Amino acid sequence: MKKPKRVMHLDIETSSALDLFKVGVENYSREPTTKIMLLSAVYDDEPMPQQWDFTSGEEPPPSLVSDLLDPDVRKLAWNARFEYLLISRCWYLDLDLTQWWCVMAMARSLSFPGSLADAGEAIRLGTDKRKFADGKRLINKFCKPHPFSKKCPTGWFTAESAPEEWLRFKDYNRQDTIAEREI
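Quantities reported herein were computed from a predicted structural model and do not represent experimental measurements.

**Focus on the overall build of the protein chain**
Looking only at helices and strands, the protein chain features seven helices and five strands. Each helix and strand of the protein chain, placed in order from N terminus to C terminus, yields the pattern β-α-β-β-α-β-α-β-α-α-α-α. Taking 183 residues into account, the globule formula puts the C-alpha radius of gyration at 16 Å, and the protein chain, at 16 Å, falls close to it. C-alpha atoms of the protein chain, sized along the principal axes, occupy 55 × 35 × 30 Å. Residues counted as buried form 44% of the 183 residues belonging to the protein chain. The contacts in the protein chain between residues at least 6 apart in sequence include a share of 68% that link residues at least 24 apart.

This is the structure we're talking about:
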């Protein structure tokens, strides 16, 4: 197997009117309301991930698209099929699955847990490199629709309606990339 020129660890955060756990990733990735909100990526041994926020409807930058399509860039993600399908379908990219590596599958092949948080705990990652404990709460807040209210007038929490928590959500996205790379 040819050694890649670069290795890209990445994580995405998505939103959709569908419940991922009820419909599965195939149906979720085909739903027109499903959007990629955040993508963080860290290359090789860079100290901090880069992050892109797509909540304003902007397109992914050409350099990111180029790396996602480049056969010399190995893409790694926790549950890589999720990132692969969502990026392929939301951004209409013809990605090559053979360039993607699933860190969760690698961890499981070594008898580590399948959850990012549990695997981090099992290998005793330091707290600075572990998955955030409040990640599930943040996902429920920003990735799923909510009843209309004064706090949530659009039915979706956003950076404008919950600015401090949105910053925490962005940190969560970057931290998942760090934890996955460490594992």
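From this point, the discussion proceeds with the structure in view.
**Let's talk about the state of the cysteines**
Tallied over the full model, the rule gives zero disulfides. A disulfide-free cysteine, Cys 102 has its sulfur positioned 19 Å from the sulfur of Cys 90, the nearest such atom. Unpaired in this structure, Cys 143 has its nearest cysteine sulfur neighbour in Cys 90, at a distance of 12 Å. By relative accessible area, which is 7% here, Cys 143 ends up buried.

**Observations regarding the pattern of salt bridges**
In total, this model carries twelve salt bridges according to the counting rule given. Asp 53 is the partner of Lys 170 in a salt bridge, and the nearest nitrogen-oxygen pair spans 3.7 Å. Note that Lys 170 is positioned in helix α7 (residues 163–182) and Asp 53 in strand β3 (residues 50–53), a separation of 117 residues in sequence. Given the relative accessible area of 22%, Asp 53 is considered partly exposed. When salt bridges with common partners are traced through the structure, they connect Asp 134, Arg 137, Lys 141, Glu 165 and Arg 168 into a single cluster.

**Focus: a nonpolar patch on the surface**
Residues Leu 110, Phe 112 and Ile 123 make up a contiguous nonpolar surface patch of about 260 Å² in total accessible area. Given the relative accessible area of 31%, Phe 112 is considered partly exposed.

**Concerning the sheet that holds strand β1 (residues 6–15)**
Strand order in the open sheet formed by five strands is β3-β2-β1-β4-β5, with mixed pairing between adjacent strands. The sheet terminates laterally at β3 and β5 (100–102), the two strands that pair on one side only. Geometrically, the sheet is characterised by an average inter-axis angle of 25° between neighbouring strands, direction not taken into account. In the sheet, β1 pairs with strand β2 (residues 35–43) via eight bridges, with the strands oriented antiparallel. Bridge pairing in β2 places Ile 12 opposite Leu 39. Running over the sheet, helix α3 (residues 80–90) touches β1, β2, β4 (73–77) and β5 and is turned about 70° from β1.

**A short note on helix α2 (residues 62–69)**
Within α2, the full set of buried residues consists of Leu 64, Val 65, Asp 67 and Leu 68. In an axial view of α2, the angular spread of the buried residues amounts to 160°, which keeps them on one side of the axis. Where α2 is buried, its residues meet β1, β2, β3, β4, α3 and β5.

**Considerations on the pairing of β1**
Across the ten residues that make up β1, a large majority, eight, are buried. Two elements, β1 and β4, share four bridges in a ladder whose sense is parallel. Of the residues in β4, the one forming a bridge with His 9 is Leu 76.

**Some details on the packing of aromatic side chains**
Tallying each qualifying case throughout the model produces seven aromatic pairs. Put simply, the rings of Phe 142, Trp 166, Phe 169 and Tyr 172 pair up and form one aromatic cluster. Lying across the ring of Tyr 43, Arg 6 places its NZ or CZ 4.0 Å from the centre. It is Lys 141 that lies over the ring of Phe 157; its NZ or CZ is 4.2 Å from the centre.

The rules we used
Residues numbered from 1 in each chain as written. Predicted model: local features only at pLDDT ≥ 70, side-chain atom pairs only at ≥ 80, totals over all residues. Heavy atoms only, no water. Helix = DSSP H or I, 4+ residues; strand = E, 2+ residues; numbered from the N terminus. Rg over C-alpha atoms; globule rule 2.2 N^0.38 Å. Buried < 20%, exposed > 50% of the residue type's maximum accessible area, 1.4 Å probe, protein only. Contact = heavy atoms within 4.5 Å. Disulfide = S-S within 2.5 Å. Salt bridge = Lys/Arg side-chain N within 4 Å of Asp/Glu carboxyl O. Patch = residues over 30% accessible without salt bridge, like charges linked within 9 Å, V, L, I, M, F, W, Y side chains within 5 Å. Areas by Shrake-Rupley, 256 points an atom, 1.4 Å probe, with all protein chains shown as cover. Pairing = 2+ DSSP bridges. Axes fitted to C-alpha atoms, helices over the stretch in contact; angles between N-to-C directions. Arc of directions from axis to C-beta. Phe/Tyr/Trp six-rings, centres within 6.5 Å; stacked < 30°, edge-to-face > 60°. Lys NZ or Arg CZ within 6 Å of the ring centre and 35° of its normal.

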